[in-house]
Amino acid sequence: MTAPAKPRIAILISGRGSNMQALVEAARAPDYPVEIALVIANRPDAPGLAWAKAQGLSVLGFDHKHYESREHFEGQLQNVLELSRVDIVALAGFMRLMTASFVARWYGRMINIHPSLLPVFKGLKTHERALEAGVRIAGCTVHFVSAEMDAGPIIGQAAVPVLASDTAATLAARVLAAEHVLYPQMLALVATGKVRVDGDKIQWQDAGITEINQSTMLVSP
Ligand code: GRF
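Residues numbered from 1 in each chain as written. Predicted model: local features only at pLDDT ≥ 70, side-chain atom pairs only at ≥ 80, totals over all residues. Heavy atoms only, no water.

## With respect to the nonpolar core
Thinking step 1. Among the nonpolar cores identified, the biggest contains 46 residues, and I11, I36, V39 and I111 are the most heavily contacted of them.
Thinking step 2. Of the domains in this structure, domain 1 (1–106) and domain 2 (113–221) are the two that each give at least three residues to this core.
Thinking step 3. Not counting residues within four places of it along the chain, the set of residues in contact with I36 comprises I9, I11, L23, V24, A27 and L57.
Thinking step 4. Judged by nonpolar contacts, the second largest core, of 20 residues, contains I40, L77, F102 and W106. (Core = buried A, V, L, I, M, F, W, Y, C linked by side-chain atoms within 4.5 Å. Buried < 20%, exposed > 50% of the residue type's maximum accessible area, 1.4 Å probe, protein only. Domains from an automatic or database assignment. Contact = heavy atoms within 4.5 Å.)

Here you go:
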(Lines give C-alpha, C1' and ligand atoms only; values in the text may rest on other atoms or scores of the structure.)
Protein backbone atom coordinates (compact mmCIF):
# COMPACT_ATOMS: atom_id res chain seq x y z
CA MET A 1 0.00 0.00 0.00
CA THR A 2 1.39 3.43 -0.86
CA ALA A 3 1.61 5.97 1.92
CA PRO A 4 -0.75 8.97 1.63
CA ALA A 5 0.86 11.99 -0.04
CA LYS A 6 2.37 14.50 2.33
CA PRO A 7 1.54 18.22 2.05
CA ARG A 8 3.95 19.95 -0.28
CA ILE A 9 5.87 22.88 1.17
CA ALA A 10 7.55 25.84 -0.50
CA ILE A 11 10.14 27.58 1.65
CA LEU A 12 10.73 31.24 0.82
CA ILE A 13 14.03 32.81 1.81
CA SER A 14 16.06 35.95 1.15
CA GLY A 15 19.47 35.19 2.62
CA ARG A 16 21.38 32.75 4.78
CA GLY A 17 18.56 30.22 5.04
CA SER A 18 19.46 28.51 8.30
CA ASN A 19 15.77 28.05 9.19
CA MET A 20 15.13 26.62 5.71
CA GLN A 21 18.02 24.25 6.39
CA ALA A 22 16.42 23.17 9.70
CA LEU A 23 13.14 22.42 7.86
CA VAL A 24 14.90 20.52 5.07
CA GLU A 25 16.86 18.47 7.58
CA ALA A 26 13.71 17.67 9.58
CA ALA A 27 11.96 16.58 6.38
CA ARG A 28 14.66 13.95 5.79
CA ALA A 29 13.10 11.83 8.54
CA PRO A 30 10.71 9.38 6.88
CA ASP A 31 7.98 10.10 9.43
CA TYR A 32 8.18 13.90 9.13
CA PRO A 33 4.81 14.89 7.66
CA VAL A 34 5.85 17.24 4.85
CA GLU A 35 7.54 17.06 1.51
CA ILE A 36 9.75 20.01 0.55
CA ALA A 37 8.53 20.86 -2.95
CA LEU A 38 10.91 23.73 -3.59
CA VAL A 39 12.94 26.57 -2.14
CA ILE A 40 12.41 30.04 -3.58
CA ALA A 41 14.52 33.14 -3.01
CA ASN A 42 13.72 36.68 -4.08
CA ARG A 43 17.48 37.25 -4.29
CA PRO A 44 19.09 34.85 -6.74
CA ASP A 45 22.42 35.17 -4.87
CA ALA A 46 20.93 34.17 -1.49
CA PRO A 47 23.47 31.81 0.13
CA GLY A 48 20.65 29.55 1.28
CA LEU A 49 19.62 28.92 -2.31
CA ALA A 50 23.05 27.52 -3.19
CA TRP A 51 22.88 25.23 -0.17
CA ALA A 52 19.40 23.98 -1.14
CA LYS A 53 20.52 23.37 -4.71
CA ALA A 54 23.51 21.37 -3.47
CA GLN A 55 21.04 19.17 -1.56
CA GLY A 56 19.31 18.32 -4.83
CA LEU A 57 16.18 20.30 -4.01
CA SER A 58 14.21 22.20 -6.63
CA VAL A 59 15.19 25.82 -6.27
CA LEU A 60 14.14 29.03 -7.89
CA GLY A 61 15.68 32.45 -7.51
CA PHE A 62 13.72 35.26 -8.94
CA ASP A 63 14.64 38.80 -8.31
CA HIS A 64 11.75 40.98 -7.19
CA LYS A 65 13.61 43.97 -8.65
CA HIS A 66 12.90 42.65 -12.14
CA TYR A 67 9.15 43.06 -11.63
CA GLU A 68 7.46 46.36 -12.11
CA SER A 69 5.21 45.97 -9.09
CA ARG A 70 4.61 43.83 -6.03
CA GLU A 71 1.51 42.44 -7.77
CA HIS A 72 3.54 41.28 -10.79
CA PHE A 73 6.12 39.63 -8.59
CA GLU A 74 3.43 37.88 -6.57
CA GLY A 75 1.57 36.84 -9.74
CA GLN A 76 4.71 35.04 -10.88
CA LEU A 77 5.19 33.57 -7.41
CA GLN A 78 1.59 32.32 -7.41
CA ASN A 79 2.11 30.64 -10.81
CA VAL A 80 5.18 28.84 -9.52
CA LEU A 81 3.40 27.73 -6.34
CA GLU A 82 0.47 26.39 -8.36
CA LEU A 83 2.66 24.61 -10.91
CA SER A 84 4.58 23.00 -8.07
CA ARG A 85 1.30 21.97 -6.36
CA VAL A 86 2.32 23.68 -3.13
CA ASP A 87 -0.02 23.26 -0.15
CA ILE A 88 1.80 25.30 2.49
CA VAL A 89 4.22 28.23 2.24
CA ALA A 90 6.85 28.59 4.97
CA LEU A 91 8.58 31.97 5.09
CA ALA A 92 12.07 31.66 6.51
CA GLY A 93 13.85 34.99 6.58
CA PHE A 94 11.88 36.18 3.54
CA MET A 95 12.44 39.93 3.60
CA ARG A 96 9.61 41.07 1.42
CA LEU A 97 6.22 42.32 2.51
CA MET A 98 3.30 40.73 0.71
CA THR A 99 0.13 42.36 -0.52
CA ALA A 100 -3.11 41.85 1.37
CA SER A 101 -4.59 39.90 -1.55
CA PHE A 102 -1.67 37.44 -1.73
CA VAL A 103 -1.83 36.98 2.04
CA ALA A 104 -5.60 36.44 1.91
CA ARG A 105 -5.20 33.79 -0.78
CA TRP A 106 -2.77 31.86 1.45
CA TYR A 107 -4.34 32.67 4.81
CA GLY A 108 -4.07 29.63 7.07
CA ARG A 109 -1.56 28.02 4.68
CA MET A 110 1.34 30.44 5.03
CA ILE A 111 3.50 30.62 8.14
CA ASN A 112 6.49 32.68 9.26
CA ILE A 113 9.15 32.64 11.94
CA HIS A 114 10.02 35.82 13.75
CA PRO A 115 12.91 36.28 16.20
CA SER A 116 10.98 37.72 19.15
CA LEU A 117 8.21 36.73 21.51
CA LEU A 118 5.43 38.44 19.56
CA PRO A 119 3.54 40.68 19.96
CA VAL A 120 6.61 42.51 21.29
CA PHE A 121 9.39 43.58 18.95
CA LYS A 122 7.70 43.25 15.58
CA GLY A 123 9.84 44.20 12.59
CA LEU A 124 13.63 44.44 12.45
CA LYS A 125 16.45 44.75 15.01
CA THR A 126 14.55 42.64 17.52
CA HIS A 127 17.59 41.65 19.59
CA GLU A 128 18.92 45.19 19.89
CA ARG A 129 15.48 46.32 21.04
CA ALA A 130 15.15 43.42 23.48
CA LEU A 131 18.47 44.38 25.10
CA GLU A 132 17.53 48.04 25.10
CA ALA A 133 14.22 47.24 26.81
CA GLY A 134 16.01 45.11 29.40
CA VAL A 135 13.80 42.03 28.99
CA ARG A 136 15.09 38.96 30.82
CA ILE A 137 13.46 36.44 28.47
CA ALA A 138 13.65 36.53 24.69
CA GLY A 139 12.64 34.04 22.05
CA CYS A 140 10.96 33.37 18.74
CA THR A 141 7.47 32.90 17.35
CA VAL A 142 5.96 30.86 14.54
CA HIS A 143 2.71 32.38 13.33
CA PHE A 144 0.26 32.31 10.46
CA VAL A 145 0.84 35.22 8.11
CA SER A 146 -1.85 37.89 8.08
CA ALA A 147 -2.03 41.21 6.27
CA GLU A 148 -0.51 43.09 9.20
CA MET A 149 3.22 42.41 9.55
CA ASP A 150 4.23 40.00 12.35
CA ALA A 151 0.69 40.04 13.74
CA GLY A 152 -0.98 36.80 12.56
CA PRO A 153 -2.29 34.09 14.91
CA ILE A 154 0.52 32.60 16.98
CA ILE A 155 1.12 28.88 16.57
CA GLY A 156 4.04 28.45 18.95
CA GLN A 157 6.85 30.17 20.76
CA ALA A 158 10.20 29.22 22.25
CA ALA A 159 11.84 31.20 25.03
CA VAL A 160 15.49 31.64 25.96
CA PRO A 161 17.07 33.61 28.79
CA VAL A 162 18.76 36.95 28.23
CA LEU A 163 22.13 36.90 29.96
CA ALA A 164 23.76 39.91 31.59
CA SER A 165 26.74 39.50 29.26
CA ASP A 166 24.64 39.39 26.08
CA THR A 167 25.29 41.46 22.99
CA ALA A 168 22.78 41.54 20.14
CA ALA A 169 24.94 38.94 18.39
CA THR A 170 25.09 36.46 21.29
CA LEU A 171 21.38 36.85 21.94
CA ALA A 172 20.61 36.41 18.23
CA ALA A 173 22.63 33.20 18.15
CA ARG A 174 20.76 31.80 21.17
CA VAL A 175 17.37 32.73 19.70
CA LEU A 176 18.36 31.31 16.31
CA ALA A 177 19.20 27.94 17.88
CA ALA A 178 15.70 27.97 19.40
CA GLU A 179 14.20 28.89 16.01
CA HIS A 180 15.76 25.78 14.49
CA VAL A 181 14.03 23.63 17.10
CA LEU A 182 10.68 25.41 17.03
CA TYR A 183 10.07 25.86 13.31
CA PRO A 184 10.16 22.20 12.20
CA GLN A 185 7.84 21.23 15.04
CA MET A 186 5.33 23.97 14.29
CA LEU A 187 5.36 23.25 10.56
CA ALA A 188 4.55 19.61 11.37
CA LEU A 189 1.54 20.71 13.46
CA VAL A 190 0.24 22.82 10.59
CA ALA A 191 0.91 20.11 8.01
CA THR A 192 -1.01 17.51 9.99
CA GLY A 193 -3.94 19.88 10.54
CA LYS A 194 -3.46 19.85 14.33
CA VAL A 195 -3.47 23.61 14.34
CA ARG A 196 -5.59 25.77 12.09
CA VAL A 197 -6.73 29.34 11.85
CA ASP A 198 -10.22 30.24 12.93
CA GLY A 199 -10.66 33.89 11.98
CA ASP A 200 -7.85 35.65 13.78
CA LYS A 201 -7.44 32.89 16.39
CA ILE A 202 -5.87 29.44 16.53
CA GLN A 203 -7.92 26.25 16.75
CA TRP A 204 -6.40 23.01 17.94
CA GLN A 205 -7.81 19.97 16.12
CA ASP A 206 -7.32 16.50 17.54
CA ALA A 207 -4.13 17.71 19.15
CA GLY A 208 -2.94 15.86 22.21
CA ILE A 209 -1.64 17.67 25.26
CA THR A 210 1.89 17.01 23.98
CA GLU A 211 1.30 18.93 20.80
CA ILE A 212 -0.30 21.80 22.64
CA ASN A 213 2.56 21.90 25.14
CA GLN A 214 5.20 21.73 22.49
CA SER A 215 3.87 24.89 20.92
CA THR A 216 5.42 26.70 23.87
CA MET A 217 8.91 25.56 24.68
CA LEU A 218 11.81 26.60 26.77
CA VAL A 219 15.16 26.10 25.13
CA SER A 220 18.19 26.28 27.41
CA PRO A 221 21.40 27.91 26.16
C1 GRF B 1 15.65 34.53 11.41
O2 GRF B 1 16.05 35.11 12.62
C3 GRF B 1 14.14 34.59 11.28
O4 GRF B 1 13.48 34.50 12.49
C5 GRF B 1 13.92 35.96 10.68
O6 GRF B 1 14.99 36.14 9.79
C7 GRF B 1 16.10 35.35 10.22
C8 GRF B 1 16.46 34.48 9.05
O9 GRF B 1 17.60 33.71 9.28
N10 GRF B 1 12.61 36.05 10.08
P11 GRF B 1 17.89 32.47 8.36
O12 GRF B 1 17.95 33.03 6.93
O13 GRF B 1 16.80 31.48 8.52
O14 GRF B 1 19.23 31.97 8.79
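## A short note on the site of the ligand
Thinking step 1. As a matter of local geometry, the ligand sits amid R16, G17, S18, N19, G93, I113, H114, P115 and E179.
Thinking step 2. In this structure, an oxygen atom belonging to the ligand sits 2.5 Å away from a side-chain N or O atom of R16.
Thinking step 3. G17 places a polar main-chain atom, nitrogen or oxygen, 2.8 Å from an oxygen atom of the ligand.
Thinking step 4. When the ligand is considered free in solution it has 360 Å² of accessible area, and contact with the protein chains removes 85% of it.
Thinking step 5. Breaking the shell around the ligand down by element, the ones donating at least two residues are helix 1 (18–26) and strand 5 (110–114).
Thinking step 6. Considered class by class, the residues forming the shell around the ligand number two nonpolar, five polar and two charged. (Near = heavy atom within 4 Å. Polar contact = N/O pair within 3.5 Å; in protein donor to acceptor, adjacent residues only side chain to side chain. Areas by Shrake-Rupley, 256 points an atom, 1.4 Å probe, with all protein chains shown as cover. Helix = DSSP H or I, 4+ residues; strand = E, 2+ residues; numbered from the N terminus. Nonpolar A, V, L, I, M, F, W, Y, C, P; charged D, E, K, R; others polar.)

## Some remarks on the pairing of strand 9 (residues 201–204)
Thinking step 1. Two strands pair when backbone bridges link them, and strand 8 (residues 195–198) and strand 9 are joined in this way by four bridges, in the antiparallel orientation. Along strand 9, the bridge assignment pairs V195 with W204.
Thinking step 2. Linking strand 8 back to strand 9 in an antiparallel pair, the connection comprises two residues, with G199 at a positive phi of about 65 degrees. (Pairing = 2+ DSSP bridges.)

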